[in-house]
Amino acid sequence: MTIRKLTLAIALVAGAVSALVPTASFAQAKEQFFPVLPYRSGAYAPNGVPWANGYVDYLKLINARDGGINGVKISFEECDTAYATDRGVECYERLKGKASGAIFQPLSTGITFALTEKAPNDKNALITGGYGRSESSDGGVFKWNFPLMGTYWSGADILMQHITAKEGGNLKGKKIALVYHDSPYGKEPIILLQERAKMQGFDLSLLPVTAPGIEQKATWLQIRQNRPDYVLLWGWGVMNSAALKEAVATGYPREKMYGVWWSAGEPDVKDIGEAAKGYSGLVATGEGGAVIGDIKKFVHGKGQGTGPIEEVSTVLYNRGMVSAALGVEAVRRAQERFGKGKVMDGEQIRWGLENLAVDAKRLKALKLDSVMKPISTTCVDHEGSRSARVHTWDGKQWQYASDWIEADTSIIKPLVRQYADKYAAEKKLTRRDAKDCQT
């Protein structure tokens, strides 16, 4: 063979190979990027880790079981925030350039506050399922924020409905104490509780706890002196178990304590065991169901589990799993309009989030029907659903103590409008009109 023929043969082979193997840029273009902002380090890691593992396991499941979202594989990258706002912003800045718009789920109200002004300029949507700014459920002002499945105002309202029912519908003259993480997170329910205190005639006392919340002796000394009828716990991480230990030490009945959904997981009670018996809290997800079997088969069964298999189906794991599912379904919804099998950009993903339509039939198809309630969003309603159950620790495990309770929108909606309008005025934002809602 002459040199010229050899050169031509090599060129033909190279061309054939290049036609079969996609270039790096093409492969990247066919992936839907999901940034992950967990905290696997720091004082809040015991609670942050199971959430993060559930989140990542679900993304892995969609790739392994389904081949991606209508054929578009998911890629992701973690950046540990340690639940610190400054690190959260750094992680956001580091990951935002990995795609032309993506969904960020910061799992921190402080980080959410910091990103609320940044994300719209970058065309990145924020899912803050069960946390963040409560007034951001108003999509007329907060175009890029999606506090799906309940805000802290919804959570506080559900707890107060449950307690009111226990007291026969009358809380007049009762004393209720809020023991809260002294941060944007812990302060979120105060507005709603103050509104209900005015309506129902109960006395509300506010007891902030300095982060991380290990030292609470002074707080529980006040509780022992004042003997409130109920204590609401708005803690996170080590603060929750520390509060329960102090309740035991001061003799405050755990049956009179109720936590928000971030204060009622296994890490909060497992080391206290029988002594925490009677403590109750909110839970916005179910026990697991068929999707858990798929995660064990397609992810853990293939040696790809993110954490220990024993934590699969625990409260915080399920919450992380559902959070990932919401993001995946937003992309899937966007593909229905903008093209199945295509990578969605920030504007398209935002449209998907604003037009979620995950009904009971769809949840069953996703094998999530026992894990979450149907959710449907609109231009003006970025919360989509707002219900939870109360479960009670029996000394060994959580047991449901109520049916699903839906937040009272007749109380919450006026507050949402008031504070969303206030935010818009401060930031010089114009409320979206009907034309903007259709785009």
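Since this is a predicted model, take the numbers as computed values, not measurements.

(A) Focus on the pairing of strand 10 (residues 280-283). Residue alternation in strand 10 divides its side chains into two sets, Ser280 and Leu282 and Gly281 and Val283, and both sets are buried. Relative to strand 10, strand 9 (residues 257-259) runs parallel, the two sharing two bridges. The partner of Gly259 across the bridge, within strand 10, is Gly281. In terms of strand pairing, strand 10 meets strand 13 (residues 387-393) through four bridges, oriented antiparallel. Across the sheet, the residue bridging to Val283 is Arg389, located in strand 13.

(B) Structural view of the state of the cysteines. All told, the structure shown has two disulfides when counted by the stated rule. Disulfide pairing places Cys79 opposite Cys91 at an S-S distance of 2.1 Å. Its torsion about the S-S bond being -70°, the disulfide of Cys79 and Cys91 is classed as left-handed. With a gap of 12 residues between them, Cys79 in the loop between strand 2 (73-78) and helix 4 (85-95) and Cys91 in helix 4 connect regions that are remote in the sequence. The exposure classification of Cys79 matches that of Cys91, with both residues buried. Note that Cys379 is cross-linked by a disulfide to Cys437, the S-S spacing being 1.8 Å. Across the S-S bond linking Cys379 and Cys437, the dihedral sits near -55°, which makes this disulfide left-handed. Taken together, the residues Cys379 in the loop between strand 12 (375-376) and strand 13 and Cys437 in helix 18 (residues 434-438) connect sequence positions 58 residues apart. For Cys379, a relative accessible area of 12% puts it in the buried group.

(C) Summary view of the packing of helix 10 (residues 217-226) against helix 11 (residues 238-250). Closest axis-to-axis distance for the helix 10/helix 11 pair is 10 Å, and the angle between their directions is 45°. Of the possible angle classes, the one that applies to helix 10 and helix 11 is oblique. Judged by the twist between their axes, the crossing of helix 10 over helix 11 is right-handed. Taken together, the residues of helix 11 that come into contact with helix 10 (itself represented by Lys217, Trp220 and Arg224) are Ala243, Glu246, Ala247 and Thr250. The residue makeup of the contact of helix 10 with helix 11, split by class, is three nonpolar, one polar and three charged.

(D) How the structure looks around helix 4. All buried positions along helix 4 are accounted for by Gly88, Val89, Cys91, Tyr92 and Leu95. Down the axis, helix 4 shows its buried residues gathered within 160° of arc, on one side only. Against strand 1 (31-36), strand 2, strand 3 (103-104), helix 5 (109-115) and helix 6 (118-122) lie the buried residues of helix 4.

(E) Region of the structure containing the confidence of the model for the chain. Of the residues in the chain, 93% reach a pLDDT of 70 or more, and the chain-wide mean stands at 93. Here residues 1-27 is a poorly scored stretch, pLDDT under 50, and it has one contact once near neighbours within four places are set aside; other chains count.

(F) Just the environment of Asn70, in detail. Positionally, Asn70 belongs in the loop between helix 3 (45-66) and strand 2. When the C-alpha atoms of Asn70 and Tyr317 are compared, they prove to be 25 Å apart, with 247 residues separating the residues in sequence. With near-sequence residues (within four places) excluded, Asn70 lies in contact with Arg332, Gln335, Lys340 and Gly341. A polar contact is formed between the side chain of Asn70 and the side chain of Gln335, at a distance of 2.7 Å.

(G) Local environment of the nonpolar core. Residues Tyr58, Leu232, Trp234, Trp262, Met321, Leu353 and Leu368 are the most contacted members of the largest nonpolar core, which totals 87 residues. Among the elements that make up this core, the one with the highest residue count is helix 14 (residues 315-338) (11 residues).

(H) The packing of aromatic side chains, seen in detail. What the rule picks out here adds up to 16 aromatic pairs. Seen in terms of ring centroids, Tyr39 and Tyr83 are 5.1 Å apart; in terms of plane orientation they differ by 65°. Their pairing is edge-to-face. Taken together, the positions of Tyr39 in the loop between strand 1 and helix 3 and Tyr83 in the loop between strand 2 and helix 4 put the pair 44 residues apart, joining distant regions of the chain. Look at Tyr39 and you get buried, because its relative accessible area is 0%. When the centroid spacing of 5.7 Å and the interplanar angle of 85° are considered together, the rings of Phe338 and Trp351 count as edge-to-face. Remark: Trp351 occurs in helix 15 (residues 346-354) and Phe338 occurs in helix 14; sequence separation between them is 13 residues. With relative accessibility at 11%, the residue Trp351 sits in the buried group. Within the aromatic cluster, the residues linked to one another by ring pairs are Tyr39, Tyr44, Tyr83, Tyr131, Trp236 and Trp262. Its guanidinium or amino end placed over the ring of Trp144, Arg350 lies 5.7 Å from that ring's centre, counting from NZ or CZ. Positioned above the aromatic ring of Tyr400 is the side chain of Arg389, whose terminal nitrogen or guanidinium carbon lies 3.8 Å from the ring centre.

(I) Focus on the sheet that holds strand 3. Ordered in space as 3-4-5, the three strands form an open sheet in which the pairing is parallel. If you trace the sheet from one side to the other, it starts and ends with strand 3 and strand 5 (145-146), each paired once. In this sheet, strand 5 lies alongside strand 4 (residues 125-127) in parallel orientation, the contact comprising two bridges. Within the sheet, the bridge partner assigned to Ile127 lies in strand 5 and is Phe146.

(J) Broad picture of the pattern of salt bridges. Summed over the entire model, instances satisfying the criterion amount to 29 salt bridges. For Arg65, the salt bridge is made with Asp294, and the minimal N-O distance between the two is 2.9 Å. Separated by 229 residues along the polypeptide, Arg65 in helix 3 and Asp294 in helix 13 (residues 290-299) bring together distant segments of the chain. Linking Lys427 and Glu117 is a salt bridge whose minimum nitrogen-to-oxygen distance equals 2.9 Å. Of this pair, Lys427 sits in helix 17 (residues 409-427) while Glu117 sits in the loop between helix 5 and helix 6, and the two are 310 residues apart along the sequence. Taking relative accessible area as the criterion, Glu117 reaches 45% and is therefore assigned partly exposed.

So, how was this worked out
- Residues numbered from 1 in each chain as written.
- Predicted model: local features only at pLDDT ≥ 70, side-chain atom pairs only at ≥ 80, totals over all residues.
- Heavy atoms only, no water.
- Buried < 20%, exposed > 50% of the residue type's maximum accessible area, 1.4 Å probe, protein only.
- Helix = DSSP H or I, 4+ residues; strand = E, 2+ residues; numbered from the N terminus.
- Pairing = 2+ DSSP bridges.
- Disulfide = S-S within 2.5 Å.
- Axes fitted to C-alpha atoms, helices over the stretch in contact; angles between N-to-C directions.
- Parallel < 35°, antiparallel > 145°, perpendicular 65-115°, else oblique.
- Left-handed = near helix turned anticlockwise from the far one by under 90°.
- Contact = heavy atoms within 4.5 Å.
- Nonpolar A, V, L, I, M, F, W, Y, C, P; charged D, E, K, R; others polar.
- Arc of directions from axis to C-beta.
- pLDDT = per-residue confidence, 0-100.
- Polar contact = N/O pair within 3.5 Å; in protein donor to acceptor, adjacent residues only side chain to side chain.
- Core = buried A, V, L, I, M, F, W, Y, C linked by side-chain atoms within 4.5 Å.
- Phe/Tyr/Trp six-rings, centres within 6.5 Å; stacked < 30°, edge-to-face > 60°.
- Lys NZ or Arg CZ within 6 Å of the ring centre and 35° of its normal.
- Salt bridge = Lys/Arg side-chain N within 4 Å of Asp/Glu carboxyl O.

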